[in-house]
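Observations on the three-dimensional arrangement
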Amino acid sequence: MIKVICVCGARPNFMKIAPIMKAFKENGGFQTLLVHTGQHYDQKMSALFFDELKIPKPDINLEIGSGSHAVQTAEVMKRFEPVVLEFKPDYVLVVGDVNSTIACGLVTVKLGVQLIHVEAGLRSFDRSMPEEINRVLTDSISDILFVTEQSGIDNLNREGINSDKVHLVGNVMIDTLLANREKAEQSPILEQLGLEKKKHAVITLHRPSNVDDMDNFSKIISAFEVIQKDLKLIFPIHPRTQKNLEGSFLKTRIDSMANLVLSEPIGYLDFLKLTAHSALVITDSGGIQEETTILQIPCMTLRENTERPVTLTEGTNKLVHVDTQDILKHYNIIKSNDFEARGAIPKYWDGKAAARIVEIIKSKFYESN
Ligand code: UD1
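None of these values were measured; they are calculated from a predicted model.

Once that is clear, we can look at the domain arrangement of the chain. Frequently, the measure chosen for interface size is the accessible area removed from exposure when the parts meet. According to the domain assignment, the chain contains domain 1 (2–171 + 349–368) and domain 2 (181–336). Relative placement of domain 1 and domain 2: their C-alpha centres are 27 Å apart. The partner domain 2 presents 21 residues to the 24 residues of domain 1 that form the contact. Both faces combined, the contact of domain 1 with domain 2 buries some 1900 Å², and carbon together with sulfur accounts for 55% of it. On the domain 1 side of the interface with domain 2, the three residues burying the most area are K44, E52 and W349, jointly 28% of the side's total.

Shown next as structure tokens:
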């Protein structure tokens, strides 16, 4: 048996770890230990996804909770080290780019255990993003790197990472989307919110550059005030954004928009149904740029850069400056196309990425043992 510790910690990790856990189980040659760091802990940010995506209950929850970057990273490291020492894995597998990813990665390599990074090589080239630091550092210490798109291969190559370690396997987040597409159709969310297909936009905002900076947030709200005259705006709110809005003048402006619906964070299946039948998505998330590409829904990403350029070159994504006029300009272009978007499906985004990952790990293990 090959022993692997799989790590997840924050909401976007859960959709990535789900198909990997399933593929390990189906393969049969692995003994896994699932560790949840507890970076995200609210029921609607964590447990809901385990239920919906049928992820096995974590074997261990480190329960680190929120904190500054240093505190969060240090706490994960302190609590993860004894787990690795006790389980003695052949590999630790981390996904994505959150603080839990780099924290567990560092512990792993310092204990001389092989590190696997899923979703390696993505680069926004913006070092003011905490995730960019996490990506660059995790990739530089990983032994096996699984990549979602060609840009990742090019970036790792440029950074001098030995190409023998790097594998283009596709996108595990898309494995999850394709596996749940039909099930999501059963969600009653459109009826619950009184929505007709293609008459609403879905909004998600949580990047510090958009929601901690009140000037930027205000520019975005000004655009929503116009767009809501055409489309109902559904805005499931991230806890970071929620906290920033509490007691702020922006909350009053949001509350006074008749056609904007604020909701708590919503589960995977409801969100997939909402998105799949929307006219438009406005986001600053990473993964949603990829999901809208598969769903062929126009996506405006309110950021200056993206670490997922294939969503621009092949998919339905568009980068838009955080500026009211720029948002409205792009909105009007999308509207003039009747909210239609057609793009190509990136290579290997076919629902089989996790199976490829597990096969490669197995063959690498038996090559070296
Ligand atoms: C984290 C990731 C980010 C990812 C995002 C998805 C890092 C550096 N950032 O950002 O890459 O896109 O998750 O959601 O790892 N909070 C709650 N309940 C929770 C979790 C958080 O109330 O279950 C609140 C806390 O006040 C916390 C704040 O949200 O301080 C931010 O949480 P944190 O995990 O630090 O960062 P995110 O903004 O969620």
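Text resumes after the structure shown.
Attention now goes to the side chain of T275. Its location among the elements puts T275 in helix α13 (residues 268–276). A polar contact is formed between the side chain of T275 and the backbone oxygen of F271, at a distance of 2.7 Å. When residues no more than four places from it in sequence are discounted, the contact partners of T275 are V202, V281, T292, L295 and I297.

What follows is about the site of the ligand. Around the ligand, 17 residues are found, and the nearest of them are Q39, H40, E131, R240 and K243. A distance of 2.9 Å is found between an oxygen atom of the ligand and a side-chain nitrogen or oxygen belonging to H206. H238 places a side-chain nitrogen or oxygen 2.9 Å from an oxygen atom of the ligand. Look at the ligand: alone it shows 740 Å² of surface, and the protein chains cover 89% of it. Contributions of two or more residues to the shell around the ligand are made by α3 (69–87) and α11 (239–245). Its residues assigned to classes, the shell around the ligand shows five nonpolar, eight polar and four charged. Each of domain 1 (2–171 + 349–368) and domain 2 (181–336) contributes no fewer than three residues to the shell around the ligand.

Moving on to the environment of D270. Relative to the assigned elements, D270 resides in helix α13. With 84 residues separating them along the chain, D270 and Q186 place their C-alpha atoms 8.9 Å apart. With sequence-adjacent residues up to four places away left out, D270 is seen in contact with S187, P188 and I189.

Moving on, we get to the sheet that holds strand β8 (residues 200–204). Taken in spatial order, the six strands line up as β10-β9-β8-β11-β12-β13 in an open sheet, and their pairing is parallel. The open sheet is flanked by β10 (260–263) and β13 (317–319), the only strands paired with a single partner. Each adjacent strand pair in this sheet contributes to an overall mean axis angle of 20 degrees, direction not counted. In terms of strand pairing, strand β12 (residues 299–301) meets β13 through three bridges, oriented parallel. By the bridge assignment, M300 is partnered in β13 with K318. Where helix α16 (residues 324–336) meets the sheet, it contacts β11 (280–283), β12 and β13, and its direction lies at approximately 165 degrees from that of β12.

Rules and cut-offs
Residues numbered from 1 in each chain as written. Predicted model: local features only at pLDDT ≥ 70, side-chain atom pairs only at ≥ 80, totals over all residues. Heavy atoms only, no water. Domains from an automatic or database assignment. Contact = heavy atoms within 4.5 Å. Buried area = accessible area lost by both parts, 1.4 Å probe. Helix = DSSP H or I, 4+ residues; strand = E, 2+ residues; numbered from the N terminus. Polar contact = N/O pair within 3.5 Å; in protein donor to acceptor, adjacent residues only side chain to side chain. Near = heavy atom within 4 Å. Areas by Shrake-Rupley, 256 points an atom, 1.4 Å probe, with all protein chains shown as cover. Nonpolar A, V, L, I, M, F, W, Y, C, P; charged D, E, K, R; others polar. Pairing = 2+ DSSP bridges. Axes fitted to C-alpha atoms, helices over the stretch in contact; angles between N-to-C directions.

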